[in-house]
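Breakdown of the fold
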Amino acid sequence: HLLVFAPHLLRPDPYQQPNDTMILTRPRRRSGSLAPVVAAAALACAVVMVVARSGRSEGLQASAMMRSPSVSTSFAASGLSVAPRRASSSAGCPSSYIQTARKALATYAQSPANDLLLRAARGEKTERTPVWLFRQAGRHLPEYNQYKKDTGKNFLQLLDDPKDVAEVTMQPLRRYDVDAAILFSDILVVPEALDIQVEMPGGKGIMVTNPLQGPADVEKLDTSNPAQLVKDRLPHVLAALPEIKASLKKENRDVPLIGFSAAPFTLMFYMVGGNTRYNETMGEQWFEKHPEACDLLLSKLSDVIVEYMSQQVEQGADLLQVFEAMGSYISEPNFNKFEMKHLKNIATKLKERHPDVPLMVFARGAQYANRGLQEAGYDVVTLDTEADRKSEVAGLEAEKSKAPIGRRVSLQGNFDPKFLQEGTPETVRSEVQQMLQDLGQQNLIANLGEGLSGKEDPALVKAFVDAVHEFSEQMNHATAETAAAAAAEAPHAAI
């Protein structure tokens, strides 16, 4: 048990400054902090217990665990030296304990210094509410528009170069104290991998110029080997993740990196309709006219999405976001009949491959689906701007027993970005307070109820991010003081 839980004692100080390193290498000294001492003692006791239990030097499974190639690589990435593995007997500590401990230690070694968002996604306690923003990189930032001008590239052209992607991904982290980076990419790279042409004509948004015309076109889409398809057609996207990770380390901004994909229906919406400004009902028409072809298309897209997101994890993503951005263009009956099973399939398969990687989902315009998505196995569901906060919390809480993760899902959202366009710092702070009161500061990832549009004032965006941290810390301190006061009164009440 010590081997399993010692890594949690050794977590980096969540308040550490960017130049501080992890406790195992150079602890940040804080008055009254015994965590490093306790952690070191726990590890020492664990080793002694394993030695005593095995009774033979060649049976030191714990030592073998620390020398395994996978953990050696993880610890080397954190600056720790681990000796090469040596052959050992299977006697001693049970292999299941060793595997669990190895997994826990590897997870610790790979965790970002700021792991607030990861902990919130897993339902763990956080010192303050983590915050990031949908479309936090991009056109609302003056530096992004200047970068496009300097490089002479448009949005789609930037996506082709991993170094450009890394630069744009980092821009909001230099301006705001956000608790995560998200891969700068587009939801339509998956259709592009299937030879669907995507263009960006001026003033018309992103358009699919060769939408699918009927079931025969669906049959032609070759997804027989989705893993190889992703490797062959999207290498530039995958290559951007290590570039971003390197930039995060280089600039001492060690936060989680979010990978993402659009959900199957959102991709289908573009693939059969072409654009959000035209053919808005084409998706629903396909469900009516070609139900079998729709199911086949959604199934093919689901297979590619699983491989695409899995390979993002392999390249460095710490958690994953699924965007059902076009949820308002599918009816509730069709969502439940066609889409939900594929979203569940995505969650199930990704959890089988990467059980420790949190999964977040956003059914924008389809909030009726949140309880089903909790039951489907996601760790985090997102509230959009139209969601009734208190009723959503109550509904999810009432059905938490159906959640495969064993608890109520964490929530994400749902600040209205309109306050970041025409508001004031005071208005923003007031709305943040209300959001935290409605949703609670724990098991929450503060975000928006829809993505930034490009019209937002960066000063107000900063006010939002800072207010989330400030007020959530205050709420945590108030909760702790109340608990302490209650504990102090308990003995007197008993007497």
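Just above sits the structure.
Predicted model only: the values in this text are computed from it and were never measured.

Moving on to helix 19 (residues 389–398). Every buried residue of helix 19 is accounted for by Arg389, Glu392, Val393, Gly395 and Leu396. The arc enclosing the buried residues of helix 19, seen along the axis, measures out at 165°, which places them on a common side. Opposite the packed face of helix 19, turned more than 90 degrees from it, sit the exposed residues Lys390 and Ala398. Where the residues of helix 19 are buried, they touch helix 18 (370–376), strand 7 (380–382), strand 8 (410–415) and helix 20 (425–439).

As a further point, take the packing of aromatic side chains. Summed over all chains, the structure comprises 14 aromatic pairs. Ring centres of tryptophan 132 and phenylalanine 134 lie 5.1 Å apart, and the angle between their planes is 85°; this geometry places the pair in the edge-to-face category. Side by side, tryptophan 132 and phenylalanine 134 carry an identical accessibility label, which is buried. Note on phenylalanine 265 and phenylalanine 269: the rings are 6.3 Å apart at their centroids and 55° apart in plane angle, and the pair reads as tilted. Of this pair, phenylalanine 265 and phenylalanine 269 both sit in helix 14 (residues 264–273), 4 residues apart, which is roughly one turn of that helix. In this structure phenylalanine 265 comes out as buried when scored by relative accessible area, which is 0%. An aromatic cluster is present here, built from Phe265, Phe269, Tyr270, Phe287, Tyr329 and Phe338 joined pairwise through their rings.

Our next topic: the packing of helix 14 against helix 15 (residues 282–289). It is at 8 Å that the axes of helix 14 and helix 15 come closest, and there the two elements cross at 95°. Relative to helix 15, the element helix 14 is oriented roughly perpendicular. Judged by residue contacts, Phe265, Met268, Val272 and Gly273 of helix 14 engage Met282, Gly283, Trp286 and Phe287 from helix 15. Looking at the contact of helix 14 with helix 15 residue by residue, the classes come out as 6 nonpolar, 2 polar and no charged.

What follows deals with the pairing of strand 6 (residues 359–363). Taking burial as the measure, the 5 residues of strand 6 include 5 buried ones, the bulk of the element. What you see with strand 6 is no split at all: Leu359, Val361 and Ala363 on one side and Met360 and Phe362 on the other are buried throughout. Strand direction decides the pairing type here: strand 5 (residues 319–324) and strand 6, joined by 5 bridges, are parallel. What sits directly across from glutamate 324, in strand 6, is alanine 363. Crossover strand 5 to strand 6 through helix 17 (residues 332–353) is right-handed. Where the polypeptide runs from strand 6 across helix 18 and back to strand 7, its parallel neighbour, the crossover connection is right-handed.

Next up on the list: the sheet that holds strand 5. Spatial ordering of the open sheet is given by 1-4-5-6-7-8-9, a layout of 7 strands whose pairing is parallel. Edge positions in the sheet fall to strand 1 (181–182) and strand 9 (444–448), since each of these pairs with one other strand and no more. The sheet contacts of helix 17 involve strand 5 and strand 6, and relative to strand 5 the element is tilted by about 170°.

Mapped onto the elements of the fold, glutamine 136 is located in the loop between helix 6 (116–121) and helix 7 (142–151). A relative accessible area of 1% means that glutamine 136 is categorised as buried. Here the side chain of glutamine 136 touches alanine 180 through a polar contact of 3.0 Å, landing on its backbone oxygen. In contact with glutamine 136, not counting residues within four places along its chain, are Leu141, Pro172, Leu173, Val178, Ala180, Ala181, Ile182 and Leu452.

Definitions and cut-offs
Residues numbered from 1 in each chain as written. Predicted model: local features only at pLDDT ≥ 70, side-chain atom pairs only at ≥ 80, totals over all residues. Heavy atoms only, no water. Buried < 20%, exposed > 50% of the residue type's maximum accessible area, 1.4 Å probe, protein only. Helix = DSSP H or I, 4+ residues; strand = E, 2+ residues; numbered from the N terminus. Arc of directions from axis to C-beta. Contact = heavy atoms within 4.5 Å. Phe/Tyr/Trp six-rings, centres within 6.5 Å; stacked < 30°, edge-to-face > 60°. Axes fitted to C-alpha atoms, helices over the stretch in contact; angles between N-to-C directions. Parallel < 35°, antiparallel > 145°, perpendicular 65-115°, else oblique. Nonpolar A, V, L, I, M, F, W, Y, C, P; charged D, E, K, R; others polar. Pairing = 2+ DSSP bridges. Right-handed = clockwise from strand over helix to strand, strands pointing away. Polar contact = N/O pair within 3.5 Å; in protein donor to acceptor, adjacent residues only side chain to side chain.

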